[in-house]
Amino acid sequence: MNTPRAIAMAMHIHASFSEGTASYESHLDQASRHSVDVIWWTDHDFRVAAHQYRQAVRFDGPVEAEGELEWSWTEERSGDLTAARADYVTEPHTPDEDGSALRLIATGGTGGGELWQRGTAFNWTYSVSLADTTLELDILPEECTPGAALVLQIESSHHPARAGRPAGQYRLEYRFGAVNEAKQSADGLLGIVQVPVVTRRWQRQTLRPVDDIAAIWPDLVAEDNSLHQLRIGVRADEGEQACFVVDRLRFDRGRGDGPAGVRLRREVLKRYTGAYPDVTCHEAFEISLVRHLNWFGGELTLPPLPVPPYRDNDVDRATEMVEFIHRHGGLVQWNHPLDIETPESLAALMIERDNLGADLVEIGREPVDGLLDVFDIAARNAVFFTGVGVTDDHEGTDWLRRKNNWITYVWAPSTEVTDLTRALRAGRAWFCDPARWRGELDMLVWGKPAMGGVAVSAADSVPIEVSATDLPGDCRLDIIVGTVDHAGLADLSPSYTTVPVSTVSGVSRYPLEVAVGDGSYVRAQIRDGSDALVAVGNPVWLLRTVPPRGIPDERRITHIG
């Protein structure tokens, strides 16, 4: 059997199949730079499926609905325009659709300028991978001189520096105007597609952004880009005038709803096989239309998705989803649990509903001090789960400088899914701020590694040793020794004492005899010279009897000798 080693993991990461600006490549680059061994790709489930995503915009006004979900246009201007206006008109409109259309008119002032309409959809329900997306737009150029154009701009994904280009977010512009032929070109991170149009005639433009990205930047994995935001506008050089009418914008995603999106994401990820050999990738989901839950391991499959795609925070719905994931062999992480709770109500919910059945909870995230209180209240009541740290990163630009920059370590023999989930389930984990400390943390009970474990003992006390490596001289190792008295809802507060350990640079080991009493728990944490938290380990519980809800088999500690 392989000896467990410390494996660093990014537990909550979003890329081009979620709504942000990150690409898979940008996160892989960050993981490689910062020696993170494993990324769990937790794109939102309904976004991977493009479930209930926007299919059409009819230009019937600044706000329009598709079913129950709204789309809106917001005006933006840049440069100098001597005249500009955007009007929703009933005539002309495309022959293939009733209702209104949008007329955009602009006259360029000194240096020229642009009039834009930026599109926004309910809960970003058009922002997702463009790997299989085709756009259609009907255009009527009413006046178009050589120095004027209609522009459809796609703000896409962030990628690291490559091929002489800096790191940054890529953009793609379709420029419809008085040009002789179609042409593709690049200006750094801006891709330009020039499209000739005929004045005073409706014409339908069909656009395949993934094909144009592949042609303009052949060194990129073109499919690893999102349609993050879209805007339509007219651009007029100094003294020039543009007048265009647009109608009938369509989004055709070849995947449709359902499992095809899962297969598409897998195909995109495969494009990076071998590119970052020091980083292991595992597919996962953030289940997002209930209280947010990460799904690790097991048989990944899309859960039933509601119509419309509204988030339901009902506790019973979350519990049902946890049970669904468990039936499929997955491990469940309760994400950002304070987004709809206070520390007191969260602690009460954990006690009353056994943590909703979740195996892991995001404790390492802001507000971390409030979540630590909840962690200790749960430990006081023998609510067993593994605390983990997260980034919840949608940008992929700089992991270390984020407010939520926590990574999670586990003691596991390999980076295989089964080994990692087994370690997480057992609580053999700690989380840390990698910008301030990257050592190892563990606890030994009766001489055996046991962080996260539960022992039932008739002894008056039990020997425990806490160890931490690579501690800077200004760091302090605190050992938290708490009572397990099952206070329940009668006392929603932590109950512990802190044993501070003086440290020197290097390894700090601290043995102590812990009185079992009626029940106790022990965990370790590290603070820096400013008293800021930099690392937290999971508890060890020492109990007199098996608690009413039992002890998970993977957490049981037995003493032989």
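I will try to describe carefully the structure that is included in this document. (Residues numbered from 1 in each chain as written. Predicted model: local features only at pLDDT ≥ 70, side-chain atom pairs only at ≥ 80, totals over all residues. Heavy atoms only, no water.)

Next up on the list: the pairing of strand β30 (residues 533-537). In terms of burial, β30 is a largely internal element, five of the five residues being buried. Where strand β29 (residues 519-527) folds back onto β30 in an antiparallel hairpin, the turn is made up of five residues, including aspartate 531, whose phi is positive at roughly 75°. (Buried < 20%, exposed > 50% of the residue type's maximum accessible area, 1.4 Å probe, protein only. Helix = DSSP H or I, 4+ residues; strand = E, 2+ residues; numbered from the N terminus. Pairing = 2+ DSSP bridges.)

Let us look at empty space enclosed by the protein. As enumerated under the stated definition, the model contains two cavities of 30 Å³ or more in all. Taken as a whole, the largest cavity holds about 40 Å³ of empty space. If you trace the largest cavity, you find it lined by Asp45, Ile287, Leu289, Val290, Pro303, Pro304, Leu305, Pro306, Arg317 and Met321. Considering only residue class, the lining of the largest cavity consists of eight nonpolar, no polar and two charged. Within this model, the second largest cavity holds a volume of roughly 30 Å³. Lining the second largest cavity we find Ser156, Tyr170, Arg171, Leu172, Ile213, Trp217, Leu220 and Asn225. The dominant element in the lining of the second largest cavity, judged by the number of residues it contributes, is strand β9 (residues 168-177), at three residues. Considered class by class, the residues forming the lining of the second largest cavity number five nonpolar, two polar and one charged. (1 Å grid on protein atoms, 1.4 Å probe; cavity = no way out; pocket = protein on both sides within 12 Å on 5 of 7 lines; lining within 4 Å. Points joined across faces, edges and corners; volume = space filled by probe spheres on them. Nonpolar A, V, L, I, M, F, W, Y, C, P; charged D, E, K, R; others polar.)

Another aspect to go through is the pairing of β9. Counted residue by residue, β9 has seven buried out of 10 residues, so it is predominantly covered. With seven bridges joining them, β9 and strand β11 (residues 190-196) adopt parallel strand pairing. Each bridged residue has a counterpart across the sheet, and for glutamate 173 the counterpart in β11 is isoleucine 192.

In this section: unusual backbone geometry. Of note, the amide linkage connecting glutamate 91 to proline 92 takes the cis form, showing an omega dihedral of -5°. Along the chain, proline 92 turns up in the loop between β5 (69-89) and β6 (101-121). Residue valine 307 is joined to proline 308 through a cis peptide bond whose omega torsion reads -5°. With respect to the helices and strands, proline 308 occurs in the loop between β16 (293-296) and α5 (315-327). Positive phi values are uncommon outside glycine, yet leucine 356 reaches one of about 60°. For leucine 356, the location among the structural elements is in the loop between α6 (343-352) and β18 (360-364).

In this section: the packing of α6 against helix α7 (residues 368-380). Their axes nearest at 9 Å, the elements α6 and α7 cross at an angle of 30°. Between α6 and α7, the angle falls in the class roughly parallel. Handedness of the crossing formed by α6 with α7: right-handed. Counting all contacts with α6, which are made through Pro343, Leu346, Ala347, Met350 and Ile351, the residues of α7 involved are Gly370, Leu371, Val374, Ile377 and Ala378. Of the residues that constitute the contact of α6 with α7, the class distribution is nine nonpolar, one polar and no charged. (Axes fitted to C-alpha atoms, helices over the stretch in contact; angles between N-to-C directions. Parallel < 35°, antiparallel > 145°, perpendicular 65-115°, else oblique. Left-handed = near helix turned anticlockwise from the far one by under 90°. Contact = heavy atoms within 4.5 Å.)

In this section: the packing of aromatic side chains. What the rule picks out here adds up to 18 aromatic pairs. Plain terms: the ring middles of tryptophan 71 and phenylalanine 251 are 6.0 Å apart, the flat faces sit at 45° to each other, and that makes the pair tilted. Of the two residues, tryptophan 71 is situated in strand β5 and phenylalanine 251 in strand β14 (residues 241-253); the sequence distance between them amounts to 180 residues. Given a relative accessible area of 0%, tryptophan 71 falls into the buried group. (Phe/Tyr/Trp six-rings, centres within 6.5 Å; stacked < 30°, edge-to-face > 60°.)

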